[in-house]
Amino acid sequence: MSLPSEVRPTTLVTGASAGIGAALAREYARHGWDLILTARREGPLTTLAEELARTGAAVAVLLDDLSDPAAPARLVAEIERRGLHVDGLCNNAGFSRTSGFLNTDPADHRAMVQVMLGAPVELARRLAPGMVRRGFGRILNVASLAGRMPATGGDTLYGPIKSFLIKASQGLHLELRGTGVHVTALCPGYTLTEFHDVNGTRQEVSSAYPAWMWQTAEHVARVGYEACESNKAQATPGLMNNVLAGLAKHLPDRWALNMVGGHARRLKRI
């Protein structure tokens, strides 16, 4: 890795209060980065910031809600007001709704699209030019294995949103080649975080999928960090996750849909 020599690099992590976001913050701090952490919940974010500060990292906390379309501009303006520069961007914030398309409040659909699609695109657009000017930058977009698989019922929008994020990451990866800015889409499968507690599927997924399919947030963060440093366009942690994605890609569409069609039934969401 070639870090800027004059100062410690700084990365902005969205959705940093728990799970993969918190693990990414710890991973970057471990490699000598300073942090800008953002999320909606003040308590967990402050606790994480205090932990990382003890490792020698400089940590700034910015509370905001990325479901607000004005949030990306507000975040960047506050970063500039504080005189901070952003060398890295981890677009991690996200959530899902698994009650079915027709049973989900349209406001939740709008929030999903904004948090996981609109905000990552806008933050990258606002922050990447400075990275290019300095000849150094890292953009890590946390997508999902779901983005590499056929869509499933129940959490109907989640997979398509993540698929968009993967494709957008690949395009930006190609566009920024040779600039010193690396762009990677990270596509984790089932990960041991509070994600499934929030969307109400913890009991179902724990009983439906064996322990060997689950990975820790720390492992996912490490894979993502190393992939972005190596300037890989995409990284999917876990051999079995790559096997599943490969099967879904090469099977006829009807077979692939049948392969994943049992997902919603196992979760009893549709």
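Scroll up to find the structure this text is about.
Figured I'd write up the structure that's included with this text.

What counts, and where the lines are drawn
- Residues numbered from 1 in each chain as written.
- Predicted model: local features only at pLDDT ≥ 70, side-chain atom pairs only at ≥ 80, totals over all residues.
- Heavy atoms only, no water.
- Helix = DSSP H or I, 4+ residues; strand = E, 2+ residues; numbered from the N terminus.
- Buried < 20%, exposed > 50% of the residue type's maximum accessible area, 1.4 Å probe, protein only.
- Areas by Shrake-Rupley, 256 points an atom, 1.4 Å probe, with all protein chains shown as cover.
- Expected span 1.5 Å × (residues − 1).
- Bend = angle between axes of the 7 residues up to and from the residue.
- Contact = heavy atoms within 4.5 Å.
- 1 Å grid on protein atoms, 1.4 Å probe; cavity = no way out; pocket = protein on both sides within 12 Å on 5 of 7 lines; lining within 4 Å.
- Points joined across faces, edges and corners; volume = space filled by probe spheres on them.
- Phe/Tyr/Trp six-rings, centres within 6.5 Å; stacked < 30°, edge-to-face > 60°.
- Patch = residues over 30% accessible without salt bridge, like charges linked within 9 Å, V, L, I, M, F, W, Y side chains within 5 Å.
- Salt bridge = Lys/Arg side-chain N within 4 Å of Asp/Glu carboxyl O.
- Pairing = 2+ DSSP bridges.
- Right-handed = clockwise from strand over helix to strand, strands pointing away.
- Core = buried A, V, L, I, M, F, W, Y, C linked by side-chain atoms within 4.5 Å.

### Observations concerning the overall build of the protein
Point 1. Of the regular secondary structure elements, the protein holds 10 helices and nine strands.
Point 2. A buried classification covers 48% of the 270 residues belonging to the protein.
Point 3. Looking at the protein as shown, the accessible area adds up to about 12500 Å², and 55% of this sits on carbon and sulfur atoms.

### Remarks on helix H4 (residues 106–134)
Point 1. The first and last C-alpha atoms of H4 sit 41 Å apart over 29 residues, in line with the 42 Å expected at 1.5 Å per residue.
Point 2. Along its length, H4 shows its largest kink, about 40°, at Gln114.
Point 3. Gly135 lies just past H4 and shows a positive phi near 75°.

### Focus on the side chain of Thr184
Point 1. When you line up the elements, Thr184 lands in strand S6 (residues 181–186).
Point 2. Here Thr184 falls in the buried class, since its relative accessible area comes to 0%.
Point 3. Beyond its immediate stretch of four places on either side in the chain, Thr184 contacts Ile139, Leu140, Asn141, Ser169, Ala227, Cys228, Lys232, Ala233, Gln234 and Ala235.

### Some remarks on the layout of surface pockets
Point 1. Of the volumes computed, that of the second largest pocket is approximately 240 Å³.
Point 2. Along the walls of the second largest pocket sit 14 residues, with Val121, Ala124, Arg125, Ala128 and Leu172 positioned nearest its centre.
Point 3. Listing elements by their share of the lining of the second largest pocket, those giving two or more residues are H4 and helix H5 (158–175).
Point 4. Here the lining of the second largest pocket takes seven residues from H4, the largest share from any one element.

### Regarding the packing of aromatic side chains
Point 1. In the structure shown here, the tally under the stated rule is three aromatic pairs.
Point 2. Between Tyr28 and Tyr225, the aromatic rings sit 4.7 Å apart at their centres with planes inclined by 80°, giving edge-to-face as the arrangement. Residue Tyr28 is found in helix H1 (residues 19–30), and its partner Tyr225 is found in helix H8 (residues 217–229); the two are separated by 197 residues along the sequence. Here the two residues Tyr28 and Tyr225 agree in accessibility, since each one is buried.
Point 3. Among the aromatic side chains, those forming a connected cluster through ring pairs are Tyr28, Trp33, Phe136 and Tyr225.

### Points about H1
Because the α-helix completes a turn every 3.6 residues, residues three or four places apart line up on one side.
Point 1. Between its terminal C-alpha atoms H1 stretches 17 Å, which fits the 16 Å expected from 12 residues at 1.5 Å a residue.
Point 2. Of all the positions in H1, only Ile20, Gly21, Ala22, Ala23, Leu24, Ala25, Glu27, Tyr28 and Ala29 are classed as buried.
Point 3. Once H1 finishes, Gly32 follows within two positions and takes phi at roughly 90°, a positive value.

### Looking at a nonpolar patch on the surface
Point 1. A grouping of Leu239, Met240 and Val243 is seen on the molecular surface, where their side chains present a nonpolar patch of about 290 Å² in accessible area.
Point 2. For Met240, the location among the structural elements is in helix H9 (residues 239–250).

### Some words on the pattern of salt bridges
Point 1. Enumeration according to the criterion identifies 11 salt bridges in this entry.
Point 2. Across the pair Arg82 and Glu78 runs a salt bridge, and its minimum N-O distance is 2.8 Å.
Point 3. Take Arg82: its relative accessible area is 39%, and that puts it in the partly exposed class.
Point 4. Residue classification places Glu78 among the partly exposed positions, given a relative accessible area of 22%.

### Concerning the environment of Ala233
Point 1. Residue placement: Ala233 occurs in the loop between H8 and strand S9 (234–235).
Point 2. Considered as a pair, Ala233 and His182 are 51 residues apart in the sequence and their alpha carbons are 8.3 Å apart.
Point 3. Non-local contacts of Ala233, meaning those with residues more than four positions away in its chain, are made with His173, Val183, Thr184 and Ala185.

### As for the pairing of S6
Point 1. Of all the six residues making up S6, six are buried; the element is thus mostly covered by neighbouring parts of the structure.
Point 2. Burial along S6 is two-sided: Val181, Val183 and Ala185 and His182, Thr184 and Leu186, pointing in opposite directions, are all buried.
Point 3. As defined by bridge partners, strand S5 (residues 137–142) adjoins S6 across six bridges and the pair is classed as parallel. Paired with Val142 across the bridge in S6 is Leu186.
Point 4. Traced from S5 through H5 to S6, the parallel crossover comes out right-handed.

### Side note on the nonpolar core
Point 1. In this structure, Leu24, Tyr28, Leu35, Leu37, Leu52 and Leu140 are the most contacted members of the largest nonpolar core, which totals 30 residues.
Point 2. When residues of this core are traced back to their parent elements, those giving at least two are H1, strand S2 (34–39), helix H2 (42–53), S5 and H8.
Point 3. The biggest single contributor to this core is H1, with seven residues.
Point 4. Setting aside chain neighbours within four positions, we find Tyr28 in contact with Thr11, Trp33, Leu35, Cys90, Leu140 and Tyr225.

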